[in-house]
Amino acid sequence: MIGRLTGQLARRTFPLIMVDVGGVGYELRVPLATFENLPAVGEPVCLETVTSLKNEVLELFGFRAEEDKRLFTILVGVSGVGPKLALAMLSSVPSRELVQAVMDERTAVLESVPGIGKKTARRLIVELKDRLAGEAFDLSAAEGGVAAAPFADPITSDALMALENLGYRRNQAEGALAAVRAEKGAELALPDMIRHALRYLGR
């Protein structure tokens, strides 16, 4: 099991990045909070990691904080929550807000995550509340989700690629980004545009 990687950032394309460790490139999937705090390509990086082996497919997930890693591990331990959904949860809602929403039983926050409806949100809160109550989380450092295709500006184009990498169909992603641009404007930073699009897709 790989618990931590220290090396040189070789590629950064949300949600999949690559870390070069002694000439070996490790691909990791990361949540949005980790991605937006990565250094530039070529710079040193150290990430906490979780190794997942499912259906003979080995995947690595990377986190810049131990608390994020611990929260991810708790999430995937809940029935019906796989690594993909856990990553979407951590990308759509900052870790501190997610923990607080569970403790306060605010289902609307969980419903903002793509793939989580009202019934699932209620069940997750019931299952997560006791688990999180026994954990001491200090997540202050874990914070900083008319169609046009292709989009002309590079930020929206990168956001489109990121949503496709997360498993959304191109037409879904384009519609969500178009709605975000219409509502918020086109001047959003990449992480903010992705987060707003994820919340739109989760409605």
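Above this text sits the structure in question.
What counts as what
Numbering of residues starts from 1 in each chain and follows the order in which that chain's sequence is written. At least 70 in pLDDT is required for a residue's local features to be given in this predicted model, at least 80 for side-chain atom pairs to be given and counted, and no such filter applies to totals for whole chains, interfaces and linings, which use all residues. With hydrogens and water stripped out, all remaining heavy atoms of the structure feed into the side-chain values. Each helix corresponds to a stretch of at least 4 residues labelled H or I by DSSP, and each strand to a stretch of at least 2 residues labelled E; elements are numbered beginning at the N terminus. Relative accessibility decides the category of a residue: with a 1.4 Å probe and only protein chains considered, values under 20% of the type maximum give buried, values over 50% give exposed, and everything between is partly exposed. In these tables, accessible area is a Shrake-Rupley quantity obtained with a 1.4 Å probe, and a residue counts as shielded only by the protein chains included in the view. Whenever a carboxyl oxygen of Asp or Glu lies within 4 Å of a side-chain nitrogen of Lys or Arg, that contact is scored as a salt bridge. Whether two strands pair comes down to DSSP finding at least two bridges between them. Here a Phe, Tyr or Trp ring, Trp counted by its six-membered ring, pairs with any other such ring whose centre lies within 6.5 Å, and the pair is stacked when the planes are under 30 degrees apart, edge-to-face when over 60, and tilted otherwise. Two limits define a charge over a ring: the Lys NZ or Arg CZ must be within 6 Å of the ring centre, and within 35 degrees of the ring normal. Only heavy atoms matter for contacts: two residues are in contact if any of them lie within 4.5 Å across the pair. Under this scheme, a helix contributes an axis fitted over its contacting stretch, all axes are lines through C-alpha atoms, and angles between N-to-C directions fall in the 0 to 180 degree range. Each angle is binned into one of four classes, with values under 35 degrees roughly parallel, values over 145 roughly antiparallel, values of 65 to 115 roughly perpendicular, and all other values oblique. For this classification, the nonpolar set comprises Ala, Val, Leu, Ile, Met, Phe, Trp, Tyr, Cys and Pro, the charged set comprises Asp, Glu, Lys and Arg, and every other residue, Gly included, is treated as polar. Expected span, for any helix, means 1.5 Å times one less than how many residues it has. The directions from the helix axis to the C-beta atoms form the arc being described.

Draft legend 1. The arrangement of the overall build of the chain in detail. Looking only at helices and strands, the chain has nine helices and five strands in total. Buried residues in the chain amount to 44% of all 203 residues. When the accessible area of the chain is evaluated, it comes to approximately 10100 Å², of which 50% is carbon and sulfur surface.

Draft legend 2. Local environment of unusual backbone geometry. In this chain, Phe14 is followed by Pro15 through a cis amide linkage whose omega measures 5°. Relative to the elements of secondary structure, Pro15 occurs in the loop between strand S1 (4-13) and strand S2 (16-21).

Draft legend 3. Focus on the pattern of salt bridges. Throughout the structure, instances matching the rule amount to nine salt bridges. In this structure, the salt-bridge partner of Arg106 is Asp104, at a minimum N-O distance of 3.8 Å. Here Asp104 falls in the partly exposed class, since its relative accessible area comes to 42%. Salt-bridge contacts for Glu127 lead to Arg123; the nearest nitrogen and oxygen are separated by 3.0 Å. With Glu127 and Arg123 both in helix H6 (residues 118-133) and four residues apart, the pair spans about one turn of that helix. Here Glu127 falls in the partly exposed class, since its relative accessible area comes to 25%.

Draft legend 4. Region of the structure containing the pairing of strand S5 (residues 57-63). As paired strands, strand S4 (residues 44-54) and S5 are joined by seven bridges and run antiparallel to one another. Bridge pairing links Thr49 to Gly62 in S5. In this antiparallel pair of consecutive strands, S4 and S5, the connection spans two residues, and Asn55 shows a positive phi of 50°.

Draft legend 5. Just the packing of aromatic side chains, in detail. In the structure shown here, the tally under the stated rule is three aromatic pairs. Arranged with centres 5.1 Å apart and planes meeting at 35°, the rings of Phe61 and Phe72 form a pair that is tilted. Of the two residues, Phe61 sits in strand S5 while Phe72 sits in helix H2 (residues 66-76), which places them 11 residues apart along the sequence. The exposure class of Phe61 is buried, given its relative accessible area of 1%. One aromatic cluster is present, formed by Phe61, Phe63 and Phe72 through successive ring pairs. Sitting over the face of the ring of Phe35, Arg12 holds its NZ or CZ atom 4.6 Å from the ring centroid.

Draft legend 6. The arrangement of the environment of Glu111 in detail. Among the structural elements, Glu111 can be located in helix H5 (residues 107-111). On the accessibility criterion, Glu111 (21% relative accessible area) is partly exposed. The contacts of Glu111, once residues within four sequence positions are left out, are Ile116, Gly117, Lys118, Ala121 and Gly202.

Draft legend 7. Up close: the packing of helix H4 (residues 95-104) against H6. Two numbers describe how H4 lies on H6: the axes approach to 9 Å, and their chain directions differ by 110°. By the angle between their directions, the pair H4 and H6 is classed as roughly perpendicular. Touching Val99, Ala101, Val102 and Met103 of H4 are Ile125, Leu128, Lys129, Leu132 and Ala133, all from H6. Residues belonging to the contact of H4 with H6 are distributed by class as follows: eight nonpolar, no polar and one charged.

Draft legend 8. Spotlight on the environment of Ile155. Looking at where Ile155 falls in the secondary structure, it is placed in helix H7 (residues 154-165). Setting aside anything within four residues of it in sequence, one finds Ile155 in contact with Leu188, Ala189, Leu190 and Met193.

Draft legend 9. Structural detail: H7. When the terminal C-alpha atoms of H7 are compared, their 16 Å separation across 12 residues agrees well with the 16 Å that a helix rising 1.5 Å per residue should span. The set of residues buried in H7 consists of Thr156, Ala159, Leu160, Ala162 and Leu163. Seen from one end, H7 has its buried residues packed into an arc of 165°, which puts them on one side. Close packing links the buried residues of H7 with helix H8 (170-184) and helix H9 (190-201). Two residues or fewer past H7, Gly167 is found with a positive phi of approximately 105°.

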